[in-house]
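Close look at the chain arrangement
Listed below are the residues making up each chain.
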Amino acid sequence: MKKVLSVMFALMLIVAMTATVTAEDAKLAIAEVTYVAVEADAGMAPQGGGDISVLTDGDALTAPTAFSTKGIVLFQNKKSTEAGVYTEFSLVIELEESSVVGSVVLDFYKEYNSMIGLPQNNEVAIAKSSDGTAFIDVETLTFEGEAAPAVIEMQNVKLDLTEAVEAKFIKLTFTYGDSPFADATPSKPVWEWMGLTEVGVLEGVMSEVSEDVSEDTSETPATGDNGYVALAVIAVVSLAGAAIISRKKRA
């Protein structure tokens, strides 16, 4: 009995010390999405009489047949003819309340022949804020995929943060990269457009990592069975404390 409890105690401490952040996949409620860009360099063009709010209407448009379809929002690079000039724009997502964020979901619309592609190096830079003014960089995440010649398609992208963060505002920054149209007429060496049909933010689980335990747990304390039971209870409490879950309002 003593040996079993000793092993159990050690395992619980190991789990507590290696607690990690995991994502929940519960969609968080979004209050508003705002487009941010230098107007001389980029522009936004919602299609079919829509506006930017279509990016949070829950309809990702699984099979649109043209970029003019309502529900698609196009973002234009007005300097696509200038080689080596990589314009960027941002979307600021305001959540209905401050929440723990674990992932961001994007639905891209791709139409190669109309020069509607993906961000430079398939990267999206993510920043967070509590007030929508002062943003703190979180990380830049990369995904797989490309726009294929003569193909119109959607691509769903899920970007999992390395560590969940608490925020009221999430800023996503996209940069245009080199295109295959340098020899076109007119020459457009940088992608001219990006398209999105939906953006989303998923809830995360934030876990605290407990401090290192310096004592040698290989020795069995001479406390009797009751003492081991007490230690096991302490270990369970420690484990629970190391996985404090902060859950926020879900959509």
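Above this text sits the structure in question.
Read on for an overview of the structure. Predicted model only: the values in this text are computed from it and were never measured.

Quick notes on the overall build of the protein
Scanning the protein from terminus to terminus reveals two helices and twelve strands. The buried share of the protein, reckoned over its 251 residues, is 43%. Of the contacts made within the protein by residues no fewer than 6 positions apart, 79% connect residues no fewer than 24 positions apart. Surface accessibility of the protein: about 12,700 Å² in total, with carbon and sulfur atoms responsible for 53%.

Considering the environment of Thr-56
Topologically, Thr-56 is positioned in the loop between β3 (42-46) and β4 (73-77). Judged by relative accessible area, which is 33%, Thr-56 ranks as partly exposed. Residues Thr-56 and Thr-197, 141 residues apart in the sequence, show an inter-C-alpha distance of 8.4 Å.

Some points on the pairing of strand β9 (residues 152-175)
Relative to β9, strand β5 (residues 88-111) runs antiparallel, the two being bridged by 19 bridges. Bridge assignment links Glu-111 to a residue of β9, and that residue is Ile-152. Looking at chain direction, strand β7 (residues 123-129) and β9 are connected through five bridges and run antiparallel. Looking across to β9, one finds that Lys-128 is bridged to Ile-170.

Examining the nonpolar core
In terms of nonpolar packing, the biggest core is built from 49 residues, with Phe-75, Leu-91, Leu-106, Leu-172, Phe-174 and Leu-196 touching the most fellow members. Of all the secondary-structure elements, those providing two or more residues to this core are β2 (30-36), β4, β5, β7, β9 and β12 (193-205). Not counting the four nearest positions on each side in its chain, Phe-75 is found in contact with Tyr-35, Gly-43, Met-44, Leu-55, Phe-89, Leu-91, Tyr-176, Glu-192, Trp-193, Met-194 and Leu-196.

Quick look at the pattern of salt bridges
Tallying each qualifying case throughout the model produces six salt bridges. A salt bridge links Glu-198 to Lys-27, with the shortest nitrogen-to-oxygen separation between them at 3.8 Å. Here Lys-27 lies in strand β1 (residues 22-27) and Glu-198 lies in strand β12, a separation of 171 residues in the sequence. For Lys-27, a relative accessible area of 39% corresponds to the partly exposed category. A salt bridge links Glu-192 to Lys-188; its shortest N-O distance comes to 2.6 Å. On the basis of relative accessibility, which here comes to 11%, the residue Glu-192 falls in the buried class. Overall, Lys-188 belongs to the buried group, its relative accessible area being 15%.

Overview of the environment of Phe-169
On the secondary structure map, Phe-169 appears in strand β9. Overall, Phe-169 belongs to the buried group, its relative accessible area being 12%. Among residues more than four places away in sequence, those in contact with Phe-169 are Val-92, Ile-93, Glu-94, Ala-127, Lys-128, Ser-129, Ser-130, Asp-131, Gly-132 and Phe-135.

Notes on unusual backbone geometry
Residue Pro-186 follows Thr-185 across a cis peptide bond; omega there is 0 degrees. The topology assignment puts Pro-186 in the loop between β10 (178-181) and β11 (188-190). A positive phi angle, close to 60 degrees, is found at Met-115, a residue other than glycine. Within the secondary structure, Met-115 is located in the loop between β5 and β6 (116-117). Here the phi dihedral of Asn-121 falls at roughly 55 degrees; this positive angle occurs in a residue that is not glycine. Among the secondary structure elements, Asn-121 is positioned in the loop between β6 and β7.

Analysis parameters
- Residues numbered from 1 in each chain as written.
- Predicted model: local features only at pLDDT ≥ 70, side-chain atom pairs only at ≥ 80, totals over all residues.
- Heavy atoms only, no water.
- Helix = DSSP H or I, 4+ residues; strand = E, 2+ residues; numbered from the N terminus.
- Buried < 20%, exposed > 50% of the residue type's maximum accessible area, 1.4 Å probe, protein only.
- Contact = heavy atoms within 4.5 Å.
- Areas by Shrake-Rupley, 256 points an atom, 1.4 Å probe, with all protein chains shown as cover.
- Pairing = 2+ DSSP bridges.
- Core = buried A, V, L, I, M, F, W, Y, C linked by side-chain atoms within 4.5 Å.
- Salt bridge = Lys/Arg side-chain N within 4 Å of Asp/Glu carboxyl O.

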